[in-house]
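# Observations on the model geometry
Here are the chains, one letter per residue:
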Amino acid sequence: MPGLFQRLFSPRWRHKDPAVRAQAASQLSSDELDTLRQLAQDDSPQVRQAALARVQDLDPLLQWHRQSPSEESFQRLVDLLGGRVSPSPDLNTRLAKIEQLEDLALIDALIGQSDNQSLRLAALARIDDEARLIHHASENSITAVRHAAAERVTSPDGLAQLAKQARRDKQVARLARERLARLRADAEQQSREAAEREQLLATLEAQANRPWEPTFEARLKHWVKQWDALTSNADPTQHARFDAAVTRCRQRIAEHEHQHRELERIQREKSEAQSTREGILDALNQALNIVAETERLTPEVMQALQGKWRLQEERWQEVSDRYGVSESFQQRYAALDQQAQTIWQAWERLQAEAPALREALEKDEPLAPVLDRLAWPRTLPPTELVLDAQRQAAASRRQQDTAAAAKTENHWSDEEIGAQLEALSEELDQGRYRPASQLHRRLRQHLDSSGQSLSPAQEQAYKQQTARLAELKDWRGFAAAPKREALLANIEALVEAREQPDAERHRRHQQLIRDWRQLGDAAATRELAQRFRAASDALHEQLAEWETELESREQDNLAARQALCEQLEALLAHPSEDADPDGLRRIRDAAQEQWDRHWPVPRRQAASTGRHYARLRRQLQSLIDERAGDVADHKRELVEQARQLAEDTAPAAQRAEQAKSLQQRWRELGRAPKGIEQTLWRQFRNHCDTIFAARDTVRGEQQARQQQRFDDMQALIDRLDAWQPASARERHVLDSALTEAQRLVPLPRSRRSDGMEKRWQGIVHAREVTLDRLALVEEAKQWPDYRAWMRQADGEALDTARLDSDVRRALEARETQRQTSSPQQAEENLQRCLVQLALLAGDAIPEALEPLRLEVQVARLNDGLGRPPTPPEELHQTLLRLLSIAPLSAETWERYEPAFDSVMAHLSRSGHHHSDEGIDFI
């Protein structure tokens, strides 16, 4: 009972029979969504279809289809979204739902089955699969959708496939072919640019390692400009290579500029050194002249000479160490230095013999042995001590002579005593203590030994001079004492000044020693001398490590300079045969840099080592000049070859390539001597400029001719674009334009030429279509004549003398058909002509003649297997075939004549149709 009760009272949509469930589902309300959802998932396709047909809302349908997709739910969504059933949601709702769809199969179905173009385009925008785009561009029934799909096909393979499949729409195929050709042209252009970029990168990378040449920077700017024109498709790797190569080239330029500035600096310093040498020689010569012109040689004069001599010696040594010295300058300096050394050696001998001289003067001992050891130069002014010694020696000789003459006489005359007192007074007046002291001592010794008495006047003068001598002695000690105290305080302060640099303390120590020695014995005491010597020894102990280090560094620098000289000697002894002057110049500059770096050196060896290095440098420069002279000879030959090449009559491009090879050989040779190099380079560059100018002129002429061809082609395109034919008889204008274009093509390959070619083909196609349309209209306007000929009954003779040859042949064939064909065959041929004219005009075909459509279309395709006829030709051929139909009764013709009149009227009005074969007039 429960099962029977349940079967009797359960809903029909739960019945066992699928047909009953389907009928129940078709009767449900669209609001019963739960029931419809269950039925939409039924096992029976019939039930699912009936249930889904009752649902009009898209949201539940989309949800059900996502949960349990089925063919029925898929088709129902296609019908509703595509607007294929009524009622359907409004267009905006469907467009909004399409924007939310994720099912690509559903979207693809909507593209092909929707009832609205906007809907198909919206669905098309949701897919990215190129294969589906190609399918829709080829098979979709809406032109706009086909074109939109074709626009989104971008790959070369996809465009090639689209050009093969798009047979339904010739415009899509043409666009695909054009875009494919454009892609290939762009690919070729990119390939050429990539090859040019690679070649340019290789050139830049090689340029960074080439020797310097005057056009290095100009070449780099030219290549950078070329790169800027080729960077549209360059990858990051190529950009990185370009930046690295340009950076290296610019580093080479910066290094060359730095080297050039350094050379200028060195030349400037050498010029300044030359002036410095002249100044040193002048200063030393002036110091020697001052010594020679002085009346008495004093410590102050010798101190000034020593200061100037040592200063100029240091300056000379520094300049010689840095830049070397010529032989003439060295001889001049050696002569002056020898004079200074002679003077100083005499002064040092005087310092050594001074105690003996003073002792001999004080004790009135013989002075001749001491003066012989002193060997005072005659050209050197004497000091007071030397002068006193010389005078006393001369006086002794005179006394000896006087004693020898007088023998027994042992006293001086009053005149002699007066002369001695007068000489003493003169020395005191001039402030010369030593000669005055010697004269006074000799006078006192004579008076004591001889017991001779002086006159009152002489006695008074003698006492006055004795007092003045004591006063001068006191004053001399008074003036020197503060100086000695100051020098002693300075050297003791220097001992305590440990925070000062050792080099500065060493320099000041040597200066204090020189100043102390220059004071001589004035205000000298044993205590002061011991204090000064103790402070000096303390400084030596403090600076011992630094002085040892300085000496070691000087020895190391000396060893490095001597090793450098040995290397230069080895190089000069066996110079390489293939060593170019630039390499030798680099060796010379590196040697000079190394020589300058290893300084200071011990003073005793500095002069000899410097002269040795200067001699080796001169020999190296001579070798450089010799090799540079050989380079100059080779470059003169290149200049002559460049001159002959500039005057040659060979093609400019060939001569330019030969000039480039000459330039390469020029760079490989190295540099000639500076003045000669510049002169030869100007000559060589002028000849090369002439050659390249000729090449540029030829290129300019070629570019001018190409530009003229571009301009002529552009003018022809503009002229043909502006021309709108009014009659088919104007076809000669198009033929003339095609002939002129044939004379101008092919244009140089470029994007501009590709664009001009596409525009030209489009304009020519449009004008051909226009002329065909006009010819079609003109042919259609001849229909009254054909109609009049068709109205002639069979058997009636026609006057064919005035007719066209094609018409005459058609009428002759008409006469033949009268004998061989039946009226039924004639009517069938008449029907075929009507169908063909209707297809040509794009007019409706009578329903009774619809079965002939396929037959006529096949016949038209067979006729066009060779060269398909143009629409005017097809119309003319069809009318001639119509004219040749026979036997044809008047009744039969009158029955079909209105249809022919309608078709021909349509052709004469527009001459425009869209047939199934895709014949278009645009």
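Up top is the structure these notes are about.
Residues numbered from 1 in each chain as written. Predicted model: local features only at pLDDT ≥ 70, side-chain atom pairs only at ≥ 80, totals over all residues. Heavy atoms only, no water.

### Describing the overall build of the protein chain
Helices and strands together make up the secondary structure of the protein chain, namely 37 helices and zero strands. Expressed as a percentage of its 922 residues, the buried residues of the protein chain come to 39%. Of all intrachain contacts in the protein chain linking residues separated by at least 6 positions in sequence, the fraction that spans at least 24 positions is 71%. Of the roughly 51,900 Å² of accessible surface on the protein chain, a fraction of 49% belongs to carbon and sulfur atoms. (Helix = DSSP H or I, 4+ residues; strand = E, 2+ residues; numbered from the N terminus. Buried < 20%, exposed > 50% of the residue type's maximum accessible area, 1.4 Å probe, protein only. Contact = heavy atoms within 4.5 Å. Areas by Shrake-Rupley, 256 points an atom, 1.4 Å probe, with all protein chains shown as cover.)

### Overview of the nonpolar core
With 37 residues, the main nonpolar core has Leu 875, Leu 882 and Phe 900 as its most contacted residues. Broken down by secondary-structure element, the contributors of at least two residues to this core are helix H31 (751-780), helix H32 (783-790), helix H33 (805-820), helix H34 (823-841), helix H35 (852-863), helix H36 (871-883) and helix H37 (890-909). The element best represented in this core is H34, accounting for ten residues. Excluding its chain neighbours within four sequence positions, the residues that come into contact with Leu 882 are Trp 783, Met 790, Leu 830, Cys 833, Trp 893 and Phe 900. Listed in part, the 33 residues of the second largest apolar core include Val 301, Leu 305, Trp 344 and Ala 389. (Core = buried A, V, L, I, M, F, W, Y, C linked by side-chain atoms within 4.5 Å.)

### Section: the packing of helix H13 (residues 170-207) against helix H15 (residues 236-293)
Running from amino to carboxyl end, H13 crosses H15 at an angle of 30°, the nearest separation of the two axes being 9 Å. By the angle between their axes, H13 is roughly parallel relative to H15. In the packing of H13 onto H15, the handedness of the crossing is left-handed. Here H13 contributes Ala 194, Arg 197, Glu 198, Leu 201, Leu 204, Glu 205 and Gln 207 to the contact with H15, which in turn contributes Gln 238, Arg 241, Phe 242, Ala 245, Val 246, Arg 248, Cys 249 and Arg 252. Taken together, the residues that form the contact of H13 with H15 break down as seven nonpolar, two polar and six charged. (Axes fitted to C-alpha atoms, helices over the stretch in contact; angles between N-to-C directions. Parallel < 35°, antiparallel > 145°, perpendicular 65-115°, else oblique. Left-handed = near helix turned anticlockwise from the far one by under 90°. Nonpolar A, V, L, I, M, F, W, Y, C, P; charged D, E, K, R; others polar.)

### Remarks on the environment of Leu 183
Position of Leu 183 among the secondary structure elements: in helix H13. Accessibility expressed as a relative area gives 31% for Leu 183, which makes it partly exposed. Through-space distance from the C-alpha of Leu 183 to that of Ser 155 is 8.6 Å; in sequence the pair is 28 residues apart. Setting aside residues up to four positions removed in sequence, Leu 183 forms contacts with Thr 154, Ser 155, Pro 156 and Leu 159.

### Describing the packing of aromatic side chains
One pass over the full model with this rule turns up seven aromatic pairs. Note on Trp 595 and Tyr 613: the rings are 4.0 Å apart at their centroids and 10° apart in plane angle, and the pair reads as stacked. Placement of the pair is Trp 595 in helix H26 (residues 581-597) and Tyr 613 in helix H27 (residues 603-647), with a sequence separation of 18 residues. For Tyr 613, a relative accessible area of 1% puts it in the buried group. (Phe/Tyr/Trp six-rings, centres within 6.5 Å; stacked < 30°, edge-to-face > 60°.)

### A look at the pattern of salt bridges
One side chain can pair with another of opposite charge once the charged atoms of both are near each other. Per the counting criterion, the structure on display carries 22 salt bridges. In this structure, Arg 636 engages Asp 633 in a salt bridge whose closest nitrogen and oxygen atoms are separated by 2.9 Å. With Arg 636 and Asp 633 both in helix H27 and three residues apart, the pair spans about one turn of that helix. Judged by its relative accessible area of 39%, Arg 636 falls in the partly exposed class. Three or more residues are tied together by salt bridges with common partners; here these are Asp 718, Asp 721, Arg 759 and Arg 767. (Salt bridge = Lys/Arg side-chain N within 4 Å of Asp/Glu carboxyl O.)

### Notes on the environment of Leu 774
Within the secondary structure, Leu 774 is located in helix H31. Note: C-alpha distance between Leu 774 and Glu 730 (44 residues apart in sequence) is 9.9 Å. In this structure Leu 774 touches Pro 725, Ala 726, Ser 727 and Ala 728, once residues within four positions along its chain are discounted.

### Examining the packing of H31 against H36
Where H31 contacts H36, the axes come no closer than 8 Å and their chain directions differ by 20°. On the basis of their axis angle, the class for H31 and H36 is roughly parallel. Seen from above, H31 lies across H36 with left-handed handedness. Between H31 and H36, the residues in contact are Asp 772, Ala 775, Leu 776, Glu 779 and Ala 780 and Pro 871, Pro 872, Leu 875, His 876 and Leu 879, respectively. Residues of the contact of H31 with H36, tallied by class, amount to seven nonpolar, one polar and two charged.

### Examining unusual backbone geometry
Cis peptide bonds are those with omega within 30 degrees of zero, and the linkage from Ala 886 to Pro 887 qualifies with -5°. Here Pro 887 is to be found in the loop between H36 and H37.

### What to know about the side chain of Arg 617
Turning to its location among the elements, Arg 617 is positioned in helix H27. Buried and unpaired, Arg 617 has no salt bridge, with Asp 589 as the nearest side chain of opposite charge at 5.3 Å. Apart from the residues within four sequence positions on either side, Arg 617 is in contact with Lys 270, Arg 588 and Gln 592. (Lys, Arg positive; Asp, Glu negative; His and termini not counted.)

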